[in-house]
Amino acid sequence: MRWHSIHMSLRFIVPLVVVLALFAYAVVPFMESMPERWFVRDLDARSQLVANAMQDPLLEYIPQNSGKRVEQLFERALHDERLYALAFCSPGGRVMYKTETYPDSLGCRMVRNPGEKLTPVVRLPQGAVHVWESPLFDAEQYLGKMVLVHDMSFIERRSEDTRKYLILLFIGLGIVVSMIAVLIAWLSLRDWIKAVRGLVQGDFTPQEQAMVPREVQPLISDLRELMQDYRGVYHGVGEVSLSWTPEKLRDLLHDELAGDEILVVSNREPYIHMHTEHGIEVQRPASGLVTAVEPVMRACSGTWIAHGAGSADRETTDGNDRVQVPPRKPAYTLRRVWLSEEEEQGYYYGFANEGLWPLCHIAHVRPVFRSTDWEHYVEVNQRFADTVVAEARTDDPVVLVQDYHFALLPRMVKEKLPKATIIMFWHIPWPNPESFGICPWREEILEGLLGNTILGFHTPFHCKNFLETVDRYLETRIEYEASTVSYGGELTQVESYPISIAWPDMEGLPPVPEERLAIRTELGLPPEHLLAVGVDRLDYTKGIVERLQAVERMLELYPEMIGRFSLVQIAAPSRSSLEEYQHFEARVRRLAARINDKYSSGANGGFAPVLLRIAHHDSEQVTRYYRAADVCVVTSLHDGMNLVAKEFIAARDDERGVLILSQFTGAARELVEALIVNPYHIEQGAQALYRALTMPEIEQRERMRSMRTLVRDYNVYRWAGRMLLDAAQLRRQQRVIAKIRSHSAKPFRRAR
Ligand code: G6P
């Protein structure tokens, strides 16, 4: 800070000093020489006068060789206080007569060159003198020359004074000029600041805007754009301070959308009823989508339409395929849709998970597209769309569509309920146009998605990819600045809404030290054992293989960690009937076994470095691991957001623990205090792991504290709220447009 102000002052003072120095350098000598020139001119005139006055007597005395009279004449002339000495030189250049004061060194040498205007000043040891030579002629005969010497020491004294006054004048002038400059700068800065503040706060009237200084005017649009971008990325500083809560979201839905009804559509259901050996049990699926949307539904009530995939799902629904959830404290309705095995195979496993999933993730698994899968995809989308229409109690419900399973549904619903507000969130990445172009039904998918009022992605980068894809494959009008696509007379807003979690209530949970000990005891590890945790679905996009390789490399590089460290990898089985997933699971198991073989000999305490837990874990269990771990490792090869990263942060109310986060997750754009890694770079992963395990507590706290603030403020209510607000605004706009259209369509009545 201090250096900054010194720097700022120097930026002002140095140029001023340079300008003044240059000025003084150029002007002072010039100003100094001025009085000297004036005086020389004056002395020239005086010398000429004296010489003229002495000419007649000398014409008389010289031919007579009357030295005495010449000297008397000279003595009289010397009474002039400035005339210092006089001499007369013979034509041969010898001093014939002179006063006593006449300097010998001067002799009779010629002082002024022919053609010179002014007499030069001669500097003698006793001081500067003015020397005037005046030839004496008698008729045509040259008799010699008079030399008049004037004292110039007084001029030097005056020049000295002049220099002093001049320097003082410049210093004074410099101070006055800089004060005026500072004053002017301050006044205009005040105007600038006022103008910029007004623009930023957006509270300028048109009159005030006209008063904005001219220099600021060109900045207005730039600033506005910048502010919009800023709001776009982080959705407004002001909103954060409002702190998004379930209540606020509920109010917003009622006030802004006049909706007492919200419908959610997703493939995965939030509660799955399963037959187990203990009877019917309710499971919560491992799904980022469910983690995010469920709290929103609890806040807003309404109906969630999803595939009933649980073995006991049918038995637990009523005659209308509905069940109230959460089972312990019902807050909304879950409406289950049934699919045949064939349909599930084609729509879910086939088109969605063998086609769109690898297509959008670009994680080195080739997408597979089959016509039969596509047909099922269309069919199932239609079935869900019909269910939405059937469940809607009004003709303008708010429909929240989730994910890549339902790319066609928005248009299908729009056709039946044109007044509905359809908001879709695409939970996975959107690839570049070339990659998307592989899909044989790319146009149909894009058309389906453009049935949405709002289409949301996690990051601006995915929005950009989407707009470019639409531009490449469909005839539409795209407004890049407003991020809208106009297709078939309907407008779709494409925006980024970084998804998040509901900030959990940690009250009542055992304190972290207790949990650390409990988990280590359960795992058969000593109390001080270093523990990293990975929590994922067993999916090839999650970078689990790369994570294990990083563990292996870390142990190679830092053998002191062998027997002191383990990674607990919680992996929820997922899409297991697909071959790609079966191969992946086998690969993970093999790799874990190989690393454990290598590093868990008895000599190292026998502690396995990789503890693979391929099983479903509920959120309470996962939270215990988050709290017990020293490090959480997220190494996805490509991930829309990744909520595990945010859940880990939210679980650490002790402000300890380190997050290692892949640069290819949406979360890495927000959680910059994590240790960001390229998961493909095994060495880098290994180093990050070691750094995380040895990070000083104070650094852990600083990083964790900052990330916790962000996750708490940018929570899932805000994510949903932002979409609902944007939808409300768009709905208002469209109503106005519709009104204008209907007015302009009315026949024009002529006056009678
Ligand atoms: C991702 C997808 C979700 C999906 C989840 C779990 O997060 O974006 O739509 O629900 O994975 O996958 P699953 O296929 O088990 O529903």
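Being a predicted model, the structure only gives us computed values, none of them experimental. Residues take numbers from 1 onward in each chain, read along the sequence in its written order. Totals for whole chains, interfaces and linings use every residue, but because this is a predicted model, local features are given only for residues with pLDDT of at least 70 and side-chain atom pairs only at 80 or more, for both listing and counting. Note that the side-chain values use all heavy atoms of the structure and ignore hydrogens as well as water.

Asker: I'd love a proper account of the environment of Leu-671, names of residues and values included.
Answerer: Numbered from the N terminus, helices here are DSSP runs of H or I no shorter than four residues, and strands are runs of E no shorter than two. Take Leu-671: it is sitting in the loop between strand 22 (658-662) and strand 23 (675-677). Sequence-wise, Leu-671 and Ala-645 are 26 residues apart; in three dimensions their C-alpha atoms are separated by 8.6 Å. Not counting residues up to four positions away in its chain, the partners in contact with Leu-671 are Ala-645, Lys-646, Ile-649, Leu-659, Leu-661, Ile-676, Met-707, Leu-710 and Val-711. The contact criterion used throughout is that any non-hydrogen atoms of two residues lie within 4.5 Å.

Asker: Could you give me a rundown of the sheet that holds strand 10 (residues 322-325), with the residues and numbers involved?
Answerer: As summarised here, the arrangement of the 10 strands in space is 10-11-9-6-12-13-14-17-16-15, forming an open sheet in which the pairing is mixed. Pairing within the sheet leaves two strands with one partner each, and these edge strands are strand 10 and strand 15 (477-479). Strand-to-strand, the axes of this sheet are offset by a mean angle of 20°, without reference to chain direction. One ladder, built from five bridges, connects strand 12 (residues 398-402) with strand 13 (residues 421-425); its direction is parallel. Bridge pairing in strand 13 links Gln-402 to Phe-425. Lying on the sheet, helix 10 (residues 371-391) is in contact with strand 6 (262-265), strand 9 (303-307), strand 10, strand 11 (332-337) and strand 12; it crosses strand 9 at an angle near 160°. At least two DSSP bridges between two strands are needed for those strands to be called paired. Axes here refer to lines fitted to C-alpha atoms; in helices the fit is confined to the stretch in contact. Angles between the N-to-C directions go from 0 to 180 degrees.

Asker: I'd like a rundown of the site of the ligand, residues and numbers included.
Answerer: If you check the shell around the ligand, you find 13 residues, and the closest are Arg-268, Ser-287, Tyr-348, Asp-403 and Arg-575. Polar contacts, as counted here, are pairs of nitrogen or oxygen atoms within 3.5 Å of one another; within protein the pair requires one atom able to donate a hydrogen and one able to accept it, and residues that are adjacent in sequence qualify only if both atoms are side-chain atoms. At a separation of 2.4 Å, an oxygen atom of the ligand approaches a polar side-chain atom of Tyr-348. In the environment of the ligand, an oxygen atom lies 2.8 Å from a nitrogen or oxygen atom belonging to the side chain of Arg-575. Surface accessibility follows the Shrake-Rupley procedure with a 1.4 Å probe radius. Residue values consider only the protein chains on display as shielding. Relative to its unbound accessible surface of 370 Å², the ligand loses 91% to contact with the protein. Of all the secondary structure elements, the ones that give two or more residues to the shell around the ligand are helix 8 (288-300) and helix 9 (341-361). It suffices for a single heavy atom of a residue to lie within 4 Å of a molecule or strand for the residue to be listed as near it.

Asker: Give me the lowdown on helix 10, citing residues and values where you can.
Answerer: Between the first and last residue of a helix there are one fewer steps than residues, each counted as 1.5 Å, and that sum is the expected span. Compared with the 30 Å implied by 1.5 Å per residue over 21 residues, the 30 Å span of helix 10 between its first and last C-alpha is a close match. When we look at burial in helix 10, the residues that qualify are Asp-373, Trp-374, His-376, Tyr-377, Val-380, Asn-381, Phe-384, Ala-385, Thr-387, Val-388 and Glu-391. We call a residue buried when its accessible area falls under 20% of the maximum for its residue type, exposed when it is over 50%, and partly exposed in between, using a 1.4 Å probe and counting protein chains only.

Asker: I'd love a proper account of the packing of helix 13 (residues 442-449) against helix 14 (residues 460-473), names of residues and values included.
Answerer: At their nearest, the axes of helix 13 and helix 14 sit 10 Å apart, and the two run at 120° to each other. When the axis of helix 13 is compared with that of helix 14, the two are oblique. For the element pair helix 13 and helix 14, the recorded crossing hand is left-handed. Note on element contacts: helix 14 touches helix 13 through Phe-466, Thr-469, Val-470 and Tyr-473, opposite Arg-442, Glu-443, Leu-446 and Leu-449. Class assignment of the residues belonging to the contact of helix 13 with helix 14 gives a composition of five nonpolar, one polar and two charged. These descriptions rest on fixed angle ranges, namely under 35 degrees for roughly parallel, over 145 for roughly antiparallel, 65 to 115 for roughly perpendicular, and the rest for oblique. Rotating anticlockwise by less than a right angle from the far helix to the near helix defines a left-handed crossing, while the corresponding clockwise rotation defines a right-handed one. In this classification, Asp, Glu, Lys and Arg are treated as charged, Ala, Val, Leu, Ile, Met, Phe, Trp, Tyr, Cys and Pro as nonpolar, and every other residue, Gly included, as polar.

Asker: So what's going on with the side chain of Ser-287? Which residues, and what values?
Answerer: Mapped onto the elements, Ser-287 comes out in the loop between strand 8 (279-283) and helix 8. The exposure class of Ser-287 is buried, given its relative accessible area of 16%. In this structure the side chain of Ser-287 is engaged in a polar contact, spanning 3.1 Å, whose partner is the backbone nitrogen of Val-290.

Don't take any of this as a statement about function, it's just geometry.
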